[in-house]
Structures are given as structure tokens and as C-alpha cells.
Amino acid sequence: MIVLGVALLAGCTLIGVYLGDLLGLALGVKANVGGVGIAMILLIAARFWLSRRGRLTKGVQFGVEFWAGMYIPIVVAMAAQQNVVAAMSGGPIVLIAATGSLVLCFGAVALLSRIGRRDPGSPAVERGGSVIEGDAEPVGRTAGSQVGKE
Amino acid sequence: MDHTIWHGIEHVFVEQSLVAAFAVVGALILVSNVAAKYLTNGRVHGSAIAIVLGLVLAYVGGLYTGGKKGLADIPALAGIGLMGGAMLRDFAIVATAFEVDVVEARRAGLLGVLALALGTILPFIVGTLTAVAFGYHDAVSITTIGAGAITYIVGPVTGAAIGADSTVMALSIATGVTKAVMVMVGTPLVARLIGLDNPRSAMAYGGLMGTVSGVAGGLAATDPKLVPYGALTATFHTGIGCLVGPSILFLAVRALVG
């Protein structure tokens, strides 16, 4: 059932954010510490557990992957509500601090990504990309078309 | 007559705000994909164009309404605020974790931790040096502006904790917002240059850039397959910043400037 996938996603998000709040409280910080990251790890664990027990149905998968496919539209909506006016009118101190840290961090990414060997990429990663891009065929139809081919 | 039709449409948009947002954003992405295909020959990602277009519209909306939430301050487009707000954004980010290749993520775990440390310290140093260069001499102001260079949430959280005044807080938030916007626009431009094309480098990138909105936008515009890896580290960034900003970093600055 599709709603079970959506509920699984919702449950992982709620638990993750709650644990992030608790972690923040324990550390004495007025912020959520890694709530979304914890939720992501919970969801990865849930998928692993479900697929090992053969409970990862197409419905559940579709319920989660629909929201993964909505990621880019949501990000576009997020971009459309940024306070760009404030960003553009911040003056030199804002521009210098932002540009400086950006350039330095891009440089650090270049350095860190050269540490260790380059991985050739995997089919799982590529498939994930097409789901998040919103291009993946619905799970049901893929299976159907393969049946048709045979 | 014309006026009543327009009024009726606006009424529907206000009443059906989230549904209207789906339609508007979908149309925006459709236009961007067509533009990417025919105007740039597919060289620029459609979502990169859509995100930049979104930012331009946010600018126009901000000028038009004088508000802080871009297009979402226009009543007929208020649904954009819900659709792109923190709740659905985080929900969709968590959903992308379903596509994570665990082997890849675990292999880059240590790199992610290193990136998080650097991603907190480097922007803070740049921010504090800029603050000093512009004539700020007290530890509270210097720390608050430096924390703003980490993310636009770390800035005000740190400032509030150590008692910064509102002008400095505004500067600090503006620095963080500017950084987020620049990350969104700049990432697809420099992606090849900095080797951002695999899960490993995406995890390093997420930890270093930090700002969740910047990373979310930047990776979506660059290559969707990298999104979950970058998001995994980036979501820890703000929390860590809020942890060390008012404590270790503030104490360090105070020890230096007295």
C-alpha cells in the first residue's frame, strides 16, 4: 500500500527530528542537531530491514519514491521564497564574507574529493538519480513492461 | 468584466494555495526544461535554470511586496511558502535517503566528518576576519558575523546566545542568506572544476557548504543522484555550528581580541 510508504517516511522524519531536538537539548544548543540526518539513517535502515524480510512492496517503495521525485520541485519552491532582496542589498561586508567562505570551501571540496581513490559509481547510485530527478518509470509499469518483453 | 475574472482566479489561487503552488512550480519547471533543451542544447540542467528562475522571481516578489519571503508574500502564491518551506523540504530530503547506496555512504563517512569540521571553521575564520577588517572590535559582534558565514541559522542562534545587537544580527543573517543563494547558483558552475561528480565528493561538499537550502539547491541543479549524499552530511552542519558557535568559537575569539 502506497500510504504505508508515505507513513514510513513520515514516521522516520518525526522520530529523527525528535531525536535531533533531544540531542540539541542534551548538548545545550537552541537548535535541532542532525534531526534530518538521523531520519535519513532511520529510513536507510528501514529499507534494509524491509527488503531483507521481503516486505518491501512496490506500494511502499512508490510511496517513498514519489516524495524523492518531488524533491526538485520543492527545492524550486524553496528558491522562490528566499530573501534574495536582502542578499542583494547586504553591502560589502556581507558580500566579502559570503564570497570568501564560498571560494575557500569550494577549494576544500576540490582537495577532499582528491583524497582516496575515485569510485567508478554504481548502478544503484544512477537509479537513485533518476528517481530523484523524477524521471524514473513507475515501479509497476517497469515490471509490467518487462513481463511484456518476455 | 475583466476585473471580475481576474478576481475570481485570484480567489481560487488563495483558497487552493498548495495546489496552486504545485501548478505554478510545475509550469516553471516545464518552461525551464524546454529552455534547457532548446536554448542551451542540453548543456545546462533544466533544474539549474528552474532554481535560478525561482531566485529571480523571489527577488521580484521581494521588491514588489517588500516582504522577506519572496514570491510567497504575494497572497495568490502563498502556497509556495508551504511547498518550499522547511517541513516539506526536510520530508523530501529524507525521502531521497531511500536511494542511498549504503556501501558508498559508509566508505565516505570519515571524509564527511572531516568536511563538517572544515566547513564550520573555514567560513567562521573568513567571516571573523571580514568583520575585523570592517572595524568591529568586540568579541560578540565578530563571533556573530563569523557565525553568519557558517549558515544563516547559526548566525542568529549564536548572536542571541551571546547577546549581539540587532544590526550585527541582521548583517549575520544577510551573510548566511547570501552564501546560500551563491551556493545554489555557483555549484553547477564549478562542479566539474572541484570534482563534484560522485557520492564521495558530494558528502565532502555537503559537510563543507553546510547550508541545507544551498546544498539542496546546488546539488539538484548539478546532478540529482548526488542529492542524498550531500544532504546526509549537510543536515548535521547547522546543528554542529549552533553547538560550537556560542561556545568554543566565541571563547576562542574572546581570548584573541580580549
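Everything below is about the structure shown above.
Conventions we followed
Residues numbered from 1 in each chain as written. Chains lettered and ligands numbered in written order. Predicted model: local features only at pLDDT ≥ 70, side-chain atom pairs only at ≥ 80, totals over all residues. Heavy atoms only, no water. Helix = DSSP H or I, 4+ residues; strand = E, 2+ residues; numbered from the N terminus. Rg over C-alpha atoms; globule rule 2.2 N^0.38 Å. Buried < 20%, exposed > 50% of the residue type's maximum accessible area, 1.4 Å probe, protein only. Contact = heavy atoms within 4.5 Å. Areas by Shrake-Rupley, 256 points an atom, 1.4 Å probe, with all protein chains shown as cover. Salt bridge = Lys/Arg side-chain N within 4 Å of Asp/Glu carboxyl O. Buried area = accessible area lost by both parts, 1.4 Å probe. Polar contact = N/O pair within 3.5 Å; in protein donor to acceptor, adjacent residues only side chain to side chain. Nonpolar A, V, L, I, M, F, W, Y, C, P; charged D, E, K, R; others polar. Axes fitted to C-alpha atoms, helices over the stretch in contact; angles between N-to-C directions. Parallel < 35°, antiparallel > 145°, perpendicular 65-115°, else oblique. Left-handed = near helix turned anticlockwise from the far one by under 90°. Phe/Tyr/Trp six-rings, centres within 6.5 Å; stacked < 30°, edge-to-face > 60°. Lys NZ or Arg CZ within 6 Å of the ring centre and 35° of its normal. Core = buried A, V, L, I, M, F, W, Y, C linked by side-chain atoms within 4.5 Å. Patch = residues over 30% accessible without salt bridge, like charges linked within 9 Å, V, L, I, M, F, W, Y side chains within 5 Å.

(A) Geometry of the overall build of chain B. Scanning chain B for helices and strands turns up 13 helices and 0 strands. Taking 2.2 N^0.38 as the reference for a compact globule, 258 residues should give roughly 18 Å; the C-alpha atoms of chain B span a radius of gyration of 20 Å, in line with that estimate. In terms of principal-axis extent, the alpha carbons of chain B reach across some 70 × 45 × 30 Å. Within chain B, the proportion of its 258 residues that are buried is 58%. Sequence-distant contacts in chain B: of pairs separated by 6 or more residues, those separated by 24 or more amount to 66%. Carbon and sulfur atoms make up 71% of the accessible area of chain B, which amounts to about 10600 Å² in all.

(B) Structural view of the pattern of salt bridges. Residues and elements named next belong to chain B. Per the counting criterion, the structure on display carries 2 salt bridges over all chains. Of the charged contacts, one joins aspartate 90 and arginine 89 as a salt bridge, the two residues approaching to 3.2 Å between their closest N and O atoms. Grouping residues by exposure puts aspartate 90 and arginine 89 together as buried. Between aspartate 223 and lysine 225 there is a salt bridge, with the nearest N and O atoms lying 3.6 Å from each other. When its relative accessible area of 14% is taken as the criterion, lysine 225 is described as buried.

(C) Expanded view of the interface of chain B and chain A. The interface of chain B with chain A comprises 100 residues on the first partner and 81 residues on the second. For the pair chain B and chain A, the summed buried area comes to about 7900 Å², and 78% of that belongs to carbon and sulfur atoms. Broken down residue by residue, the surface that chain B buries against chain A is led by Phe91, Phe98 and Glu99 of chain B, which jointly contribute 11%. Taken together, the connections running from chain B to chain A amount to 9 residue pairs in polar contact (both at pLDDT 80 or more). Top contributing element to the side of chain B that touches chain A by residue count: helix H10 (residues 166–190) of chain B, with 13 residues. Of the residues belonging to the side of chain B that touches chain A, the class tally is 65 nonpolar, 23 polar and 12 charged.

(D) Local environment of the packing of helix H9 (residues 154–162) of chain B against H10 of chain B. Residues and elements named next belong to chain B. Interaxial distance between H9 and H10 falls to 8 Å at its minimum, and their mutual angle equals 160 degrees. Our classification of the angle between H9 and H10 gives roughly antiparallel. Crossing geometry of H9 relative to H10 is assigned as right-handed. Counting all contacts with H9, which are made through Gly155, Pro156, Gly159 and Ala160, the residues of H10 involved are Met169, Ser172 and Ile173. Class assignment of the residues belonging to the contact of H9 with H10 gives a composition of 4 nonpolar, 3 polar and no charged.

(E) Representation of the packing of aromatic side chains within the structure. Under the counting rule described, the total for this entry stands at 2 aromatic pairs over all chains. Centroid distance phenylalanine 66 of chain A to tryptophan 67 of chain A: 5.5 Å. Interplanar angle 85 degrees. Geometry classified as edge-to-face. Ring geometry for tryptophan 67 of chain A versus phenylalanine 91 of chain B: centroids 5.1 Å apart, planes at 70 degrees, classification edge-to-face. Separated into two different chains, tryptophan 67 of chain A in helix H3 (residues 58–69) and phenylalanine 91 of chain B in helix H5 (residues 86–96) make up a pair that spans both. Both residues of the pair, tryptophan 67 of chain A and phenylalanine 91 of chain B, belong to the buried class. Among the aromatic residues, those joined into a cluster by ring pairs are Phe66 and Trp67 of chain A together with Phe91 of chain B. Taking the ring centre of phenylalanine 98 of chain B as reference, the NZ or CZ of arginine 47 of chain A above it sits at 6.0 Å.

(F) Up close: the side chain of lysine 225 of chain B. With respect to the secondary-structure elements, lysine 225 of chain B resides in the loop between helix H12 (212–222) and helix H13 (227–257). Non-local contacts of lysine 225 of chain B, meaning those with residues more than four positions away in its chain, are made with Val125, Glu126 and Gly129 of chain A together with Asp197 of chain B.

(G) A look at the nonpolar core. Core analysis: the biggest nonpolar cluster contains 85 residues, and Tyr71 of chain A together with Ile51, Tyr205 and Met209 of chain B have the highest contact counts within it. Ranked by the residues each element gives to this core, the list is headed by helix H4 (residues 71–79) of chain A, at 8 residues. Within the second largest apolar cluster, 15 residues are counted, among which are Ala31 of chain A together with Ile150, Phe250 and Val253 of chain B.

(H) Up close: the side chain of threonine 40 of chain B. All names here are of chain B. On the secondary structure map, threonine 40 appears in the loop between helix H2 (17–38) and helix H3 (46–65). Engagement of the side chain of threonine 40 in a polar contact is seen with the backbone oxygen of alanine 36, the distance being 2.6 Å. The contacts of threonine 40, once residues within four sequence positions are left out, are Ala35 and Ile49.

(I) Region of interest: a nonpolar patch on the surface. Where nonpolar side chains cluster on the molecular surface, the patch consists of Met88 of chain A together with Val52, Val56, Tyr59, Val60, Leu63, Val185 and Leu189 of chain B and spans about 740 Å² of accessible area. Elements with a contribution of two residues or more to the nonpolar patch: H3 and H10 of chain B. Looking at the nonpolar patch, the element that brings in the most residues is H3 of chain B, giving 5 residues. With respect to the secondary-structure elements, valine 52 of chain B resides in helix H3. Given a relative accessible area of 36%, valine 52 of chain B falls into the partly exposed group.

(J) Inspection of the packing of helix H11 (residues 199–209) of chain B against H13 of chain B at higher detail. Residues and elements named next belong to chain B. Relative to each other, H11 and H13 sit at 20 degrees, their axes nearing to 7 Å. As far as their axial angle goes, H13 and H11 are roughly parallel. Every pair of crossing elements has a handedness; the one defined by H11 and H13 is right-handed. Residue-level inspection shows Pro199, Ala202, Met203, Gly206, Gly207, Leu208 and Met209 of H11 in contact with H13, the latter providing Tyr229, Gly230, Leu232, Thr233, Ala234 and His237. Partitioned by chemical class, the residues of the contact of H11 with H13 number 8 nonpolar, 5 polar and no charged.

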